[in-house]
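Spelled out from the first residue to the last, the chains are:
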Amino acid sequence: MNVRSILWNGVLKDNPVFVLVLGMCPTLATTTSAINGLSMGLATTVVLSLSNVAISLLASSIPDKVRIPSYIVVIASFVTIVDLLMSAYLNTPGPDGGASLYEQLGIFIPLIVVNCIVLGRAEAFASRNAPLPSLFDGIGIGLGFAASLTLLGSVRELLGNGSVFGISLLPESAHMLLFVLAPGAFIVLGYLMALFNRFLKK
Amino acid sequence: MEYLLIIISAILVSNIVLTQFLGICPFLGVSGKISTALGMGAAVTFVMAIATTVTFLTYDYVLKPLGLDYLQTIAYILIIAALVQMVEIMLKKVSPALYRALGVFLPLITTNCAILGVALLVIQKDFDLLQSVVYAVANALGFALALVIFAGIREQLELADVPAGMRGVPLAMVTAGILAMAFMGFSGIV
């Protein structure tokens, strides 16, 4: 397995959001802007890669019957580490004095624990592969997730606030606030999925 | 009055699925038929009430006094997983009829982020025990309400002729978006 095929697999063929439809809660909730989507995606990537490596190392010594609870404890430990790191380093108020990145992602950081993608890869890949391929699998799938969230966040930010990554592109008269609010998340994701199905799925 | 406000705001104004995006997986997964939606709604209500009570007490009497706040996520997910198993075993023994009705949905609930989400939210919102339980039940009812309405719409949509790319999940997403827009009408009443 080379790096290119792993990335191809994670970003397009097995894209967690558009193809497997996993991890919908953070996908919809944290993509109010491109930067929020990207940060959530990267936080998940870190947890996914580390937990994949740990589970791949531990898998042979965990009895089959208690493997799911054990995997969840491993994942929860890495989520706690990421949560504490983000609260320490990403907790400065935004440029306009608004909520910090950590506050904006809020409850969805601890909820990475119940993201089906992480447990799914642990069970389907890491538990029966060596640590190094598991690491690359985690990075590939994680980047696929991060890319999807960034795309969704960019589209919503562009339509709702007229900007992408905070860079203003559209005049204020073209802003449609709806797309930053809850209904916009469902609608944009629905149409992006339809486009993905139409043009990329073979 | 205070409890009434919690109930109305949890069910209608900030609906757990359509506004807070918790529990989307079962919302998309078991909304094919109204009858399964009702079963799932009942199972979630049951587990969410118990789980929130237990996690709240654990936080207040174990984690906080011992200064172990940082173990919150790990402790909660273990409690919820164990609790769901226990509820399943007890229901099987005590009420086989209820077990048959809820049985298939129970294992799915461990990975329902709405349960862990509400358990974490009541701590964030600084609720006391009674407020937390009321909030949990109201959120579960809001989940059931959204699920049943959505299942009703999807039953009708099954007969519609939609473009190939939109079939399945994309159409469900756009439908959920329109439903969320309808729920936005409630914002501001509390």
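Structural data are supplied above this passage.
The rules behind these values
Residues numbered from 1 in each chain as written. Chains lettered and ligands numbered in written order. Predicted model: local features only at pLDDT ≥ 70, side-chain atom pairs only at ≥ 80, totals over all residues. Heavy atoms only, no water. Helix = DSSP H or I, 4+ residues; strand = E, 2+ residues; numbered from the N terminus. Contact = heavy atoms within 4.5 Å. Buried < 20%, exposed > 50% of the residue type's maximum accessible area, 1.4 Å probe, protein only. Polar contact = N/O pair within 3.5 Å; in protein donor to acceptor, adjacent residues only side chain to side chain. Axes fitted to C-alpha atoms, helices over the stretch in contact; angles between N-to-C directions. Parallel < 35°, antiparallel > 145°, perpendicular 65-115°, else oblique. Left-handed = near helix turned anticlockwise from the far one by under 90°. Nonpolar A, V, L, I, M, F, W, Y, C, P; charged D, E, K, R; others polar. Phe/Tyr/Trp six-rings, centres within 6.5 Å; stacked < 30°, edge-to-face > 60°.

(A) Expanded view of the environment of B:Val87. All names here are of chain B. Mapped onto the elements of the fold, Val 87 is located in helix 4 (residues 72–94). As for Val 87 and Phe 46, which are separated by 41 residues in sequence, their C-alpha atoms are 9.3 Å apart. Residues in contact with Val 87, not counting those within four places in the same chain, are Phe 46, Ile 50 and Leu 106.

(B) The side chain of B:Thr175, seen in detail. Residue and element names in this part refer to chain B. Relative to the assigned elements, Thr 175 resides in helix 9 (residues 169–184). What makes Thr 175 buried here is its relative accessible area of 10%. From its side chain, Thr 175 meets the backbone oxygen of Leu 171 in a polar contact 2.6 Å long. Not counting residues within four places of it along the chain, the set of residues in contact with Thr 175 comprises Phe 150, Ile 153 and Leu 157.

(C) Region of interest: the packing of helix 1 (residues 3–13) of chain A against helix 7 (residues 131–161) of chain A. Residues and elements named next belong to chain A. One can describe the packing of helix 1 onto helix 7 by two numbers: an axis separation of 7 Å at closest approach and a directional angle of 40°. Our classification of the angle between helix 1 and helix 7 gives oblique. Two packed elements cross with a definite hand, and for helix 1 against helix 7 that hand is right-handed. Each of Ile 6, Leu 7, Gly 10 and Val 11 in helix 1 lies in contact with helix 7, whose residues at this interface are Phe 136, Asp 137, Gly 140, Ile 141, Leu 143 and Gly 144. Within the contact of helix 1 with helix 7, the residues separate by chemical class into six nonpolar, three polar and one charged.

(D) Here's a closer look at the packing of aromatic side chains. A full pass over the atoms with the stated rule returns five aromatic pairs over all chains. When the centroid spacing of 5.1 Å and the interplanar angle of 15° are considered together, the rings of A:Phe18 and A:Phe196 count as stacked. Pair noted here: A:Phe18 is in the loop between helix 1 and helix 2 (24–29) and A:Phe196 is in helix 8 (residues 182–199), with a separation of 178 residues, a long-range link. Classification of A:Phe18 as buried rests on a relative accessible area of 5%. Between the aromatic rings of B:Phe27 and B:Phe150, the centroid separation amounts to 4.3 Å while the plane-to-plane angle is 15°, which identifies the pairing as stacked. Of this pair, B:Phe27 sits in helix 2 (residues 24–29) while B:Phe150 is found in helix 8 (residues 129–157), placing the two residues 123 residues apart along the sequence. When its relative accessible area of 0% is taken as the criterion, B:Phe27 is described as buried.

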